[in-house]
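Structural overview
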There are 6 protein chains.
Amino acid sequence: MMQTAVAPLDPVLYAPIIERALEEDLGLAGDVTTAAVVPAKLAVEARLTTRQAGRIAGLGVALAVFHRLDPAIAVEIAHDDGADVQAGAVLATLHGAARPILTAERSALNILTRLSGIATATRQAVEAVAAHPTRVACTRKTTPGLRALEKYAVRVGGGVNHRFGLFDGVLIKDNHIAAAGGLEPAIAAARAALGHMMKIEVEVDTLDQLRVAIEAGVDAVLLDNMTPDALRQAVELVAGRAVTEASGGLRPDNLREVAASGVDIVSLGWLTHSAAGLDIGLDVERRGQV
Amino acid sequence: MMQTAVAPLDPVLYAPIIERALEEDLGLAGDVTTAAVVPAKLAVEARLTTRQAGRIAGLGVALAVFHRLDPAIAVEIAHDDGADVQAGAVLATLHGAARPILTAERSALNILTRLSGIATATRQAVEAVAAHPTRVACTRKTTPGLRALEKYAVRVGGGVNHRFGLFDGVLIKDNHIAAAGGLEPAIAAARAALGHMMKIEVEVDTLDQLRVAIEAGVDAVLLDNMTPDALRQAVELVAGRAVTEASGGLRPDNLREVAASGVDIVSLGWLTHSAAGLDIGLDVERRGQV
Amino acid sequence: MMQTAVAPLDPVLYAPIIERALEEDLGLAGDVTTAAVVPAKLAVEARLTTRQAGRIAGLGVALAVFHRLDPAIAVEIAHDDGADVQAGAVLATLHGAARPILTAERSALNILTRLSGIATATRQAVEAVAAHPTRVACTRKTTPGLRALEKYAVRVGGGVNHRFGLFDGVLIKDNHIAAAGGLEPAIAAARAALGHMMKIEVEVDTLDQLRVAIEAGVDAVLLDNMTPDALRQAVELVAGRAVTEASGGLRPDNLREVAASGVDIVSLGWLTHSAAGLDIGLDVERRGQV
Amino acid sequence: MMQTAVAPLDPVLYAPIIERALEEDLGLAGDVTTAAVVPAKLAVEARLTTRQAGRIAGLGVALAVFHRLDPAIAVEIAHDDGADVQAGAVLATLHGAARPILTAERSALNILTRLSGIATATRQAVEAVAAHPTRVACTRKTTPGLRALEKYAVRVGGGVNHRFGLFDGVLIKDNHIAAAGGLEPAIAAARAALGHMMKIEVEVDTLDQLRVAIEAGVDAVLLDNMTPDALRQAVELVAGRAVTEASGGLRPDNLREVAASGVDIVSLGWLTHSAAGLDIGLDVERRGQV
Amino acid sequence: MMQTAVAPLDPVLYAPIIERALEEDLGLAGDVTTAAVVPAKLAVEARLTTRQAGRIAGLGVALAVFHRLDPAIAVEIAHDDGADVQAGAVLATLHGAARPILTAERSALNILTRLSGIATATRQAVEAVAAHPTRVACTRKTTPGLRALEKYAVRVGGGVNHRFGLFDGVLIKDNHIAAAGGLEPAIAAARAALGHMMKIEVEVDTLDQLRVAIEAGVDAVLLDNMTPDALRQAVELVAGRAVTEASGGLRPDNLREVAASGVDIVSLGWLTHSAAGLDIGLDVERRGQV
Amino acid sequence: MMQTAVAPLDPVLYAPIIERALEEDLGLAGDVTTAAVVPAKLAVEARLTTRQAGRIAGLGVALAVFHRLDPAIAVEIAHDDGADVQAGAVLATLHGAARPILTAERSALNILTRLSGIATATRQAVEAVAAHPTRVACTRKTTPGLRALEKYAVRVGGGVNHRFGLFDGVLIKDNHIAAAGGLEPAIAAARAALGHMMKIEVEVDTLDQLRVAIEAGVDAVLLDNMTPDALRQAVELVAGRAVTEASGGLRPDNLREVAASGVDIVSLGWLTHSAAGLDIGLDVERRGQV
C-alpha cells in the first residue's frame, strides 16, 4: 500500500462543506425513511468499499461526515488518502448506531467518490509523463465551493497546484495583454504592484510573444494550445530562464508527447471539471444494539 | 433553437453558491492581475461561446456572477437554458467594464460548464430512450453544495428529478429492510409515520422481493442492477400497480436495452457524478471606455 | 408515561436555531447580571418543571441549549418528548455550574414552551377526532425559521405533516387554477413537470371542481372551508380514489363534526400559528461548588 | 385610521429572517407547483386583506419578502403598521408577475400574521389599562430568532420594551439573590460591575424584600405574582423611588385590577408566547401579461 | 499577581471571530509551509511569552484558537486575564502536535496582542485617575467585528463599558438636538419612546445646555471637549443630579487634570482605536512524538 | 492632490465586514436615539471631514456603510483613497435622509479611521526610506477579520503586501527549521511540495544560516532582528541572488538606517497592529425634507 506524503487538510477548511452537504440532504424533515424504519438502538458494522480500482482521496472528510451526525461512531482505517487500491478494497470500517450511519452515507460517499475520481485521474496523468521530469498541475476550473478539496485531491494524486485563485499569483492572459496595450507594459504594471512573494506568469501563443516575456524576466510562461513541435522550440528558447507550462485541451491520454517536449509542467483543467467519480459504496451489516 | 419549458431557478436558491464561488477565487487580495494590469475605465465586449456542441444550462446563473461584481454590465442573451447549440455558438454578449468581466469569468464559466455538461448528458440519455415512454431521472449522487443547480440541469436536459434529499420521499433500501426485520414491517412503519403527500418506494433485487412490495401497495419500486430480462419480468409482474424504476450502473450509452424492458424510469447517478463539463469560453474584445 | 415513537430530530437541523437564540439573548455583553452577581464556582441543581398539564416536545433541543454553553452540565431526563404530564412534573434535572444554567434558562424555555404548546394542541386535536380514522395534519403556516421544529412538535403530538414547503409536494390552489386556465390544464402541467416521487393535491371549493380533480387522477384533494354536509358528499364522491383533506378555520374545538364527515385528514394552521405556549419553568437550588 | 409614531425597523435587522423563511419554503426545488402551472409572463393584482379586525404590524417586512423574489413588484400601501383595521381591509395592493407573488405569499403572511397578532394583543392590553398611567411591556419570552420583530410589534401595539436580552439591563431574580448570598450583596456586585448607562431592577416576592431593594437604591422593582392588594402596598412603600413593574400570569383580560394598584408597568410574556395570529390573506386576480 | 474579578466571555460570543481569523489565514490551501516541512508526529512545547510588561486580556480566546485546530493540545495557564506581568512572563504553556500549534500561532497572537494592548492602556488610564473616584469608560469607537472582545478588554483593564451599541442606551448628540428642534423636545421624545430599563444621556457643549438637560431630568450628561475649568463648573452645576462624563481627545496621559474636575466618568475612544498592541510571542521547543 | 494607482477593492471582499459592523451597532433594537428623536422626513447634508492630516484609505468602504442603510443617499467625493490631505479637509459630502446617515455614522467612521491610520503610517514609513530603493511591506499581524482591508490600506499608503496568509507563500522560520532537522531539508521539503507559482522565503538570524539559504536557492530571505551592520553584510553576501527583507521591531521612526543597509524590503507588523487611527468626523447640517 503506497501512501503519498501529502499533509491532510485541516478540518476548518472543509467543515462548512460537510454542513452544506448534510443540510441539502436532510432538509427540514431529516431522513424520513431511516426515522420511520430503523430502530433507534440498532447497531451496525459498515464498510466503505471500492467498486473500482483507483487512488483514494477524501477518506478523512468522508469519515467526518459520519462523525458530524454521531461522534460515537468507531472507525478503523485500512487504506487512507494516497493509497492505490483494487476494486473490492475495504477502505474503512465503521461501528455504531445504524441511523446516523445510514443517514450520512450518501453525503459521505458523494465527497469520497468525487475526490477519489480526481486523485485517480491525476495519478494516471502523472504516470503518463513518468518518463520525463514534467510535473502535472491542475487549474482554477474547479467545482464552485469545492476548490480546497479538489486541489487537495490533485496533490494526493501526485500533482501540484497552480495558483488557488485570482489572489495568489499573477497570470497575464491575452485579454490582459490587450487591455494593457502590450505584453511589456502589462508585465511592468504587474511588477510594480505586487509584493515580493508573488510570481508572474504570462500566457503566450507564439514564439515571438514568448521571446518578449522571457526578456521581461517573467517567472513562468503558459504555452497555450501549442503543438508538441512548437513546445519543443519554446522550451529551447526559454533555456531554463523561466518555468514552462503547457496547457490547452490536455487529458491523461494525450499528455505523453507534450511531456516529451521538455516542458516543466502540464496543466489540465480536465482533472477537476471532467474526471469521472470513483465508484465506492457502503456495505452494512446488523450488529446487535448500541 | 429548441427551448424546454423548464422554469428558471429563483435566484434565492443559487445566490449563496455564487458568493462562495467568488470568495474562493478572490480570497483576500482580489484579482491581482486585473487590478495591476487592466485600466479601470476600459470597456469590453465579451461573448460566452461554446467550444463544443451541447445543451445549455445555467446561463442565468453564470450571468448573475458577472452582475454580482457589476450590476451595470449589459447582457444580450441569444441561446438560453434548454437550447441545443453547435460548437461556436454565442450564448450571450456582455458589454461593460473590463475589470469585473475578467474577474468574474472563471467563476461564471465553472458553473455554466458543469451545468451544461449535465444537461447535455441528460439529453443524450433522453434520446437514447426516445423510442420508449421511459423517463430519465437523476439521483442524490450530486456534488456537495450544488444539488439544487444539478437537479435543475437535469430538468433542462429533459430528465425528471427523483427525490431531492432524504426528506422528501421514502426510499426503503436493503439496509433499511434488514434493519426493520423484513420488507413488510419496513413498509408498514413508513406508512404509519408519513404524511399523505409523501410516496414510498422500495428497492428490490429479486422478483420475490418485488412481489412482496407490490402486495404491500408501495408507490414505486427501484429495480436494482437487474438484467434486461429480469427487468422485463419485473415490469410484467408489477402490471402498472406501481412506478417501475431501473437503476445501477446506467449511462447514456447502455440505456436502450433497459428502456426496452418497459420500465417507467431509468435513473442515472452518472449524470451528476461523472458527466464531463461542456467546453464554453469567453471571448473578449476592447471597446473603448466605460 | 406514554411515549410516542417519533424519531428525535438530528441536531444538524436545530443547531443554528440554538445559535441564533443565544446570540439574540447574549448580544455583545453576555449575561451581565449573572456575570456580576453569581460566583463562577457556584454549582446548582435545576429542574425543568411544568406549570401546566400537557404533552412535552422539544426537551432534547432545550437541553442542547444548556450544553451549548457548558457541555459539562449533567442531565437526567424523567419525561422525554411525547410524554403527557401533569402540572408540577419534573421533566429533567440538571447539575452543573450556576452561570451557564442561568444564562441558558430563557432561551431553552422559549423553545420548550412553544414546542410543547404545539404538541399539546395537536394531541387535543387528535383526541377530538379519536372516534374516527381521521388524521390530524399541520400546514405551512409556521413561524419563520422554526418550521423543522414546529413540524416535529406536531408529530410528537400525534399529528402528521403535510408537505414541508413549496418544494416537496404539489398543491394546486385556486390562484394556480386560474393562472393555468382551468383545473385540467393545471393538473396536466404539474404531472408533466414532476418526478415520480411527488404527489399532486388540488384545492377545491365545490363538488363540481372535485369531480374534475378526481377524474384527472390527483392523489389528494383539499376540501376548503366546506360545511360538514358538503364534506360528507365530497367523501362519498371521492369514494377512496384520493386522499381527502378538510381545511379552513379548524381548531381543536371544532373538529369533531368535520371528522365525522369521513375525511381522511383534517389540517389546522392554528396548531402552529395560534396555539399558546405550555407554561414550563426552571427551579434552581444551590448545591455547593463545581 | 390611527397611526402610531413607532419608527420602522431598519431592514438590516430583518433581512436574514426573510432569507431563512424563503429558504425553508423553497428548499432545493423551489415552488414546484407554481413553476409547473403558472405561465412565466402572467401578471396579477394581489391584495393583502384582513380576515379579522386588529392592529397591523409587519407590513413592511411582509412586502420585503415579495421584493426579495422580485424587486419589480409594484406596491401601494393603504394601511401601514400601527393602523387599526376591520376585517376585510385591504392593507396593500401588489402588481407584478404572478410567479414571485404566489411563491412569496405564505412566507410573507406568516410574518405579517404573527406580528399583527402581537400588536393586536398589545393594543388590547393597553386599552385594558387605559384608565391608569400604567404602561404595558413585553418580556424576553419571545420566539427564537424573531425577538427584534416581536419587540417591534409590541411597540406598534402601543407597548414598551423591557430589556432586549441578558446584555442590556440587570434584572436580579431570586436565583441570583440566592447565588449572591442575599439581596444587598447582589445589588452591590451589580453596581460595581456595570457602566453608567445600565439600570438595575430586582425581582421581589415580599414587601420585606422590596424594602431592602428600595433602600439599596435600585432603579426598578419587579413585583412578581403579587395580589392587587399586595401591589397597592408595594406601590405605596416605593413611593416613587423606583419604577414599579407587576408581572406573573398577566393577560389582556386580567390587567385592569393590577393597573388599578398604581404600578408603573405591567409586563406580559403572554404577548409574545401565546397571542394568536391575526388572520390575513392574499387575494389574487389575473391582470394580463408582465 | 493581581487578578480582576471580570467574568470571562462566553465562547458563543467569540467563536465566530476565531473562525474568521483562521479562515483568513488558512485560505484554501492551509498552512503550506508547515504541511511541507513539519513532520505530522512531531510534538512540541510552546510558551506564550510577553516581550513587554502589561496587563493580559484575551488569553482564553487565544487558547481557543489552538483548540479549534486541535482539541488535544494540553494547556497550563500561569497568568490569566487581568494579570499584570513583566516582559518575559510565560502566560501559558502548550503541549501537543507541532503542526496545529504552529498553524494557529499568528491568529492566536493577533487576538491576544490587541486585547492585551487595550487592557494595558485602560489600566494606565485607571491609574492616571486613581486619586479620584472617577471611572474610566470606553466608547463605540471599536474595531468592526471585535466590539464584544474590545469592550471585554476594557473591563479587564479596570474600566467600565459605556453603551455597547445604538441599541442599549440613548445618547442625544448635537445632531439629534438640531434634528428635534431643541434639547427639550429631544429629551421628551426619547422618554416617550423608551422602556424603563434604558437611560438617557445628553451631550452638551456649554453650561447653558447643561442646565436645560439637568432640569429635564436626564440620567447622564456627556461634557464634550470642555476645559478642566469648565468641567469643574459643570460638576458643580450638576450637583449629583446626573452622572457626569467628560469626553473628547482624552488619552491616558492627559486624564489627570480632567479627573480632578470631579467628573464621574472619563471616556476614551483612544483605548480601542489607537492603543498599540502588547508584544507577545510564542516560544517553541521540540519534544519528541505525539 | 496625489492619488495612488491602487485598484479599489471589490465590494464582495468587504460586504460581510459592513454587515457585521452594523449588526454590532444595531443589535435587536436598532438606533433607539435616532428613532425616537429624529423626524423620518428630515434631510441633512453631511460632510466626512478630517481632524488630522494624513492619507485617506477606506472612503469607498465607509460610503458603502451609508448606502447599506439607504441606497438613496447622494454622495460627492472630493478626496478619494490615496489622497494626502490636511486637517479640515472635506473628503465627501452626503445628502439624504437624516436617520440612516446618523445611524451609519459610527460604523462608517470606525472603518475609515482605522484604514486611514494605517495608510498614513505606511506613507510615513515609505517617506522614511525614500532615499533608497527599499520598499515597505506589512505582515500577517493584522486585526482578525479585517486582513483584506488592512492589506489594502497598506497598498494605498504606498507599501506592498507580504503574503496574505499561510496559504500563499512559504516562509520557513526557526521553528520550521528545527522541526525539519535543519535548513536544507526544510527547503528541500518545501520545494518538493509546492506548485510553481509559490515562492520560498527563509528567516535567518545569522550570516551562516544566510549562506546556506542562498546556496539552496531560496527566493527571499527574512533577516530577523539584525543590526544595520549585520544587514549590510547580509546584503553583500546575498549579492542580488534573492530578495532581502529586514524585519523585527521596525517602526516608521527607526527605518532610515535599516534602509541604508541596502535591503530590498523592510516589513513592519507595527503598521497594522499599533498604528493609531486617523481622526475623521462627520459634520451634519439640516437641509429640509427628503
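Residues numbered from 1 in each chain as written. Chains lettered and ligands numbered in written order. Predicted model: local features only at pLDDT ≥ 70, side-chain atom pairs only at ≥ 80, totals over all residues. Heavy atoms only, no water.

Once that is clear, we can look at the overall build of chain A. Tallying secondary structure elements over chain A gives 11 helices and 12 strands in all. In terms of its C-alpha atoms, chain A occupies a principal-axis envelope of roughly 70 × 40 × 25 Å. Looking at the 290 residues of chain A, the share that counts as buried comes to 64%. Sequence-distant contacts in chain A: of pairs separated by 6 or more residues, those separated by 24 or more amount to 71%. Carbon and sulfur atoms provide 51% of the accessible area of chain A, an area that totals close to 9700 Å². Each charge class in chain A was averaged separately, 27 positive and 34 negative side chains, and the resulting centres sit 3 Å apart. (Helix = DSSP H or I, 4+ residues; strand = E, 2+ residues; numbered from the N terminus. Buried < 20%, exposed > 50% of the residue type's maximum accessible area, 1.4 Å probe, protein only. Contact = heavy atoms within 4.5 Å. Areas by Shrake-Rupley, 256 points an atom, 1.4 Å probe, with all protein chains shown as cover. Lys, Arg positive; Asp, Glu negative; His and termini not counted. Charge placed at Lys NZ, Arg CZ, Asp CG, Glu CD.)

Bringing the relation of the copies chain A and chain B into the picture now. Superposing chain A onto chain B takes a rotation of 180° plus a shift of 0.0 Å along the axis, which leaves an RMSD of 0.0 Å. Taken together, the turn and the small shift mark the pair as related by a two-fold rotation axis. Most of the interface of chain A is mirrored in chain B: 100% of its interface residues are interface residues there too. (Least-squares fit on C-alpha atoms with pLDDT ≥ 70 in both.)

Bringing the interface of chain A and chain B into the picture now. The interface is formed by 62 residues belonging to chain A together with 62 residues belonging to chain B. Surface buried jointly by chain A and chain B totals about 4900 Å² across both partners, of which 57% is contributed by carbon and sulfur atoms. Taken as a group, A:E24, A:P144 and A:L166 account for 14% of the area that chain A buries against chain B, more than any other trio of residues on that side. There are 4 salt bridges connecting chain A and chain B. Two residues, A:D25 and B:R147, come together in a salt bridge whose shortest N-O distance is 2.6 Å. At the junction of chain A and chain B, the tally comes to 32 residue pairs in polar contact (both at pLDDT 80 or more). (Buried area = accessible area lost by both parts, 1.4 Å probe. Salt bridge = Lys/Arg side-chain N within 4 Å of Asp/Glu carboxyl O. Polar contact = N/O pair within 3.5 Å; in protein donor to acceptor, adjacent residues only side chain to side chain.)

In any sheet, the strands associate via hydrogen bonds between backbone groups, in a parallel or an antiparallel arrangement. All names here are of chain C. Reading across from one edge, β6-β11-β10-β9-β8-β7 is the order of the 6 strands in this open sheet, with parallel pairing throughout. Among the strands making up the open sheet, the edge pair consists of β6 (135–137) and β7 (170–172). Going across the sheet, the axis of each strand differs from the next one's by a mean of 25°, ignoring polarity. (Pairing = 2+ DSSP bridges. Axes fitted to C-alpha atoms, helices over the stretch in contact; angles between N-to-C directions.)

Our focus in this paragraph is unusual backbone geometry. Even without a glycine there, the phi angle at D:N225 is positive, about 55°. Looking at where D:N225 falls in the secondary structure, it is placed in the loop between β10 (220–224) and α9 (228–238). In the Ramachandran plot, F:A239 falls in the positive-phi region, its phi being about 50° despite a non-glycine side chain. Structurally, F:A239 is set in the loop between α9 (228–238) and β10 (243–247). Residue F:A239 is classed as exposed on the basis of its relative accessible area, which comes to 55%.

All right, on to the environment of F:L223 then. All names here are of chain F. Mapped onto the elements, L223 comes out in strand β9 (residues 220–224). Judged by relative accessible area, which is 0%, L223 ranks as buried. Taking C-alpha positions, L223 is 11 Å from A213, a pair spaced 10 residues apart along the chain.

Let us now look at the pairing of strand β5 (residues 90–97) of chain B. Residues and elements named next belong to chain B. In terms of burial, β5 is largely enclosed, as 6 of its 8 residues are buried. Relative to β5, strand β1 (residues 42–50) runs antiparallel, the two sharing 7 bridges. Counted as the bridge partner of V44 is G96 from β5. Two strands pair when backbone bridges link them, and strand β3 (residues 74–77) and β5 are joined in this way by 4 bridges, in the antiparallel orientation. Of the residues in β5, the one forming a bridge with E76 is T93.

All names here are of chain E. Residue position: S107 is located in helix α4 (residues 98–128). S107 gets classed as buried once you look at its relative accessible area, which sits at 3%. For S107, the residues in contact, after removing those within four places along its chain, are A21, L22, D25 and V65.

Taking 1.5 Å of rise per residue, 31 residues should cover 45 Å, and helix α4 (residues 98–128) of chain F covers 43 Å from first to last C-alpha, within 8% of that figure. Of all bends in α4(F), the biggest is about 45°, found at F:E105. (Expected span 1.5 Å × (residues − 1). Bend = angle between axes of the 7 residues up to and from the residue.)

All names here are of chain C. Close contact between helix α1 (residues 15–26) and helix α3 (residues 59–69) brings their axes to 10 Å; oriented N to C, the two are set at 60°. One element, α1, and the other, α3, form an angle in the oblique class. As α1 packs across α3, the resulting crossing turns out to be right-handed. Contact with α1, carried on its side by I18, E19, L22 and L26, involves V61, A64, V65, R68 and L69 of α3 and no other residues of that element. Its residues assigned to classes, the contact of α1 with α3 comprises 7 nonpolar, no polar and 2 charged. (Parallel < 35°, antiparallel > 145°, perpendicular 65-115°, else oblique. Left-handed = near helix turned anticlockwise from the far one by under 90°. Nonpolar A, V, L, I, M, F, W, Y, C, P; charged D, E, K, R; others polar.)

Before going further, it helps to examine the environment of A:V204. Residues and elements named next belong to chain A. Checked against the element boundaries, V204 lands in strand β8 (residues 200–204). Residues V204 and T272, spaced 68 residues apart in sequence, show a C-alpha to C-alpha distance of 23 Å. Sequence-distant contacts of V204, defined by excluding residues within four places in its chain, comprise Q209, L210, A213, L222, L223, D224 and M226.

Residue and element names in this part refer to chain E. Taking strand neighbours across the sheet as the criterion, the 4 strands line up as β3-β5-β1-β12 in an open arrangement whose pairing is antiparallel. Single-partner strands in this sheet number two, and they are β3 (74–77) and β12 (280–289). Recorded for the sheet is a direction-independent mean angle of 15° between the axes of neighbouring strands. Lying on the sheet, helix α3 (residues 59–69) is in contact with β1 (42–50), β3, β5 (90–97) and β12; it crosses β5 at an angle near 10°.

Residue-level pLDDT values for chain A average 95, and 99% of them are 70 or greater. The ipTM value of the predicted complex is 0.95, and its pTM value is 0.96. (pLDDT = per-residue confidence, 0-100.)

Next up on the list: helix α1 (residues 15–26) of chain F. Helix length check: α1(F), at 12 residues, gives a terminal C-alpha distance of 16 Å against a target of 16 Å (1.5 Å per residue), a fit within 8%. F:I17, F:I18, F:A21, F:L22, F:E24, F:D25 and F:L26 are the residues of α1(F) that are buried. Of the surrounding elements, those touching the buried residues of α1(F) are α5 (147–156) of chain E together with α3 (59–69), α4 and α5 (147–156) of chain F.

Attention shifts here to the packing of aromatic side chains. Considering all chains together, one arrives at 3 aromatic pairs over all chains under this definition. When the ring of A:F167 is compared with that of F:F167, the centres are 5.6 Å apart and the planes differ by 85°; the resulting orientation is edge-to-face. You can see A:F167 sitting in the loop between α5 (147–156) and β7 (170–172) and its partner F:F167 sitting in the loop between α5 and β7 (170–172), one on each of two chains. Across this residue pair, the class does not change: A:F167 and F:F167 are buried. In this arrangement the basic side chain of C:K151 is found over the ring face of C:F164, its NZ or CZ atom lying 5.2 Å from the centre. (Phe/Tyr/Trp six-rings, centres within 6.5 Å; stacked < 30°, edge-to-face > 60°. Lys NZ or Arg CZ within 6 Å of the ring centre and 35° of its normal.)

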